[in-house]
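# Fold and geometry: a report
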Amino acid sequence: MDIFDNEINIISRFQELETTEILLLPENSKEAERICCLVHDKTKWKKWVDTSAKNALPPDFYCDTEKIMMDVMRIDDHESISKKGQVVNPTRVIETQMMKELRDAGVLDAFPNASPIVIGRTDLPTEQDHNYNFYKNSFARTVKKHIGKIANYKRNHPDFKTIFFVLDESSAYFEAENKCSEIYEGMPVIGSPHFWFLDKDFTDIFIGTELDYLIWFTPFKHMELFCDLVLPEAVVFDTKEAITVRTYKLDKMVSCEV
């Protein structure tokens, strides 16, 4: 178990962001701004009830005064589906083992207030370790699965609106001008950054569905390849409002991680 297995740790990490690091979509959406404040503002967060324990009714959090509920989920660009139809994520397995070793060695007990983040290395070639297709499929599989549960959430909280909070642990990607499976340090490459929050293959999963709002938190995307580019660390969507999106070419998508 790592710190992000605990939903409240994910929310706490999000609340550390500056408001300038959060993008609202549509940008003039008062609803997106309101939802962002309800979760990001630590004072407003006190109104929420935590039901993320395994023996509690779903979803993970709700707020009676605002008639809103929220479910938290994690996605990344490492997991794939085996021939037996099982989700396979070698990186997550290694990270879980690393946390176990820290716990067994007494390190976590010695620093009870620490919030360690471990990064597992599989030593697989980049394209086998993580890729855009894994990423896209992980997002679709996870978000669709939770959309299918909204009716159940509403039985527990009638007339409440629904937020999905997605912790996205993927790396940043870019669309190369010419095909290349991966990059290496010093390699000249021409391309454009991947704006995941405007990628039609992702937004089509939740825009216009039963979901009302989506908070997309991406703390591990780093765009060193594009020196002057500043990207949001979180995006808050009002999913009932249309936004302008684009399509990326699957065979030209490359991870920015060297």
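Check the entry above for the structure.
Read on for an overview of the structure.

Cut-off values and rules
- Residues numbered from 1 in each chain as written.
- Predicted model: local features only at pLDDT ≥ 70, side-chain atom pairs only at ≥ 80, totals over all residues.
- Heavy atoms only, no water.
- Helix = DSSP H or I, 4+ residues; strand = E, 2+ residues; numbered from the N terminus.
- Contact = heavy atoms within 4.5 Å.
- Areas by Shrake-Rupley, 256 points an atom, 1.4 Å probe, with all protein chains shown as cover.
- Phe/Tyr/Trp six-rings, centres within 6.5 Å; stacked < 30°, edge-to-face > 60°.
- Salt bridge = Lys/Arg side-chain N within 4 Å of Asp/Glu carboxyl O.
- Buried < 20%, exposed > 50% of the residue type's maximum accessible area, 1.4 Å probe, protein only.
- Pairing = 2+ DSSP bridges.
- Axes fitted to C-alpha atoms, helices over the stretch in contact; angles between N-to-C directions.
- Core = buried A, V, L, I, M, F, W, Y, C linked by side-chain atoms within 4.5 Å.

On to the overall build of the protein, then. Secondary structure assignment for the protein yields nine helices and 12 strands. The contacts in the protein between residues at least 6 apart in sequence include a share of 73% that link residues at least 24 apart. About 13800 Å² of surface is accessible on the protein, with carbon and sulfur atoms providing 51% of the total.

Looking at where Arg13 falls in the secondary structure, it is placed in helix α1 (residues 7–15). Separated by 206 residues in sequence, Arg13 and Pro219 have C-alpha atoms that sit 8.9 Å apart.

So, on to the packing of aromatic side chains. One pass over the full model with this rule turns up 19 aromatic pairs. When the ring of Phe4 is compared with that of Phe220, the centres are 6.4 Å apart and the planes differ by 55 degrees; the resulting orientation is tilted. Here Phe220 lies in the loop between β10 (213–217) and β11 (234–238) and Phe4 lies in the segment before α1, a separation of 216 residues in the sequence. An aromatic cluster of at least three residues, connected via ring pairs, comprises Tyr132, Tyr135, Phe139, Tyr173, Phe202, Phe206, Trp216 and Phe237.

Evaluation of the coordinates by the stated rule reveals nine salt bridges. Taking the shortest distance from any N to any O, the salt bridge between Arg246 and Glu175 comes out at 2.8 Å. With a gap of 71 residues between them, Arg246 in the loop between β11 and β12 (253–255) and Glu175 in strand β8 (residues 173–176) connect regions that are remote in the sequence. On the accessibility criterion, Glu175 (10% relative accessible area) is buried. A single network of salt bridges, built from pairs that share partners, joins Glu31, Arg34, Lys47 and Glu66.

Pairing within the open sheet is antiparallel, and its three strands lie in the order β9-β8-β12. Each of the sheet's edge strands pairs with one partner strand only, and the pair in question is β9 (191–193) and β12. For this sheet, the mean angle separating the axes of adjacent strands, direction not counted, is 35 degrees. Across three bridges, β8 lies against β9 in antiparallel orientation. Among the inter-strand pairings, Glu175 is bridged to a residue of β9, identified as Ser192.

Judged by pairing direction, the sheet is mixed, and its seven strands sit side by side in the order β1-β11-β10-β7-β4-β3-β2 without closing on themselves. Of all strands in the sheet, those bounded by a partner on one side alone are β1 (22–25) and β2 (49–50). As paired strands, strand β4 (residues 68–75) and strand β7 (residues 161–168) are joined by eight bridges and run parallel to one another. Looking across to β7, one finds that Ile68 is bridged to Lys161. Each of β1, β2, β3 (61–63), β4, β7, β10 and β11 is contacted by α1, which is oriented at about 95 degrees to β4, the strand it contacts most. Contacting β1, β4, β7, β10 and β11, helix α2 (residues 30–40) crosses the sheet at an angle of about 140 degrees to β1.

Core analysis: the biggest nonpolar cluster contains 30 residues, and Phe139, Val143, Phe164 and Trp216 have the highest contact counts within it. Taken together, the elements giving at least two residues each to this core come down to β1, β4, α7 (132–147), α8 (150–156), β7, β10 and β11. If we skip the residues at most four places from it in the chain, Trp216 touches Tyr135, Phe139, Val166, Asp168, Trp196, Phe197, Phe202, Phe206, Glu233, Ala234, Val235 and Phe237. If you look at the next biggest cluster of nonpolar residues, it comprises 28 residues, including Ile11, Ile68, Met70 and Val72.

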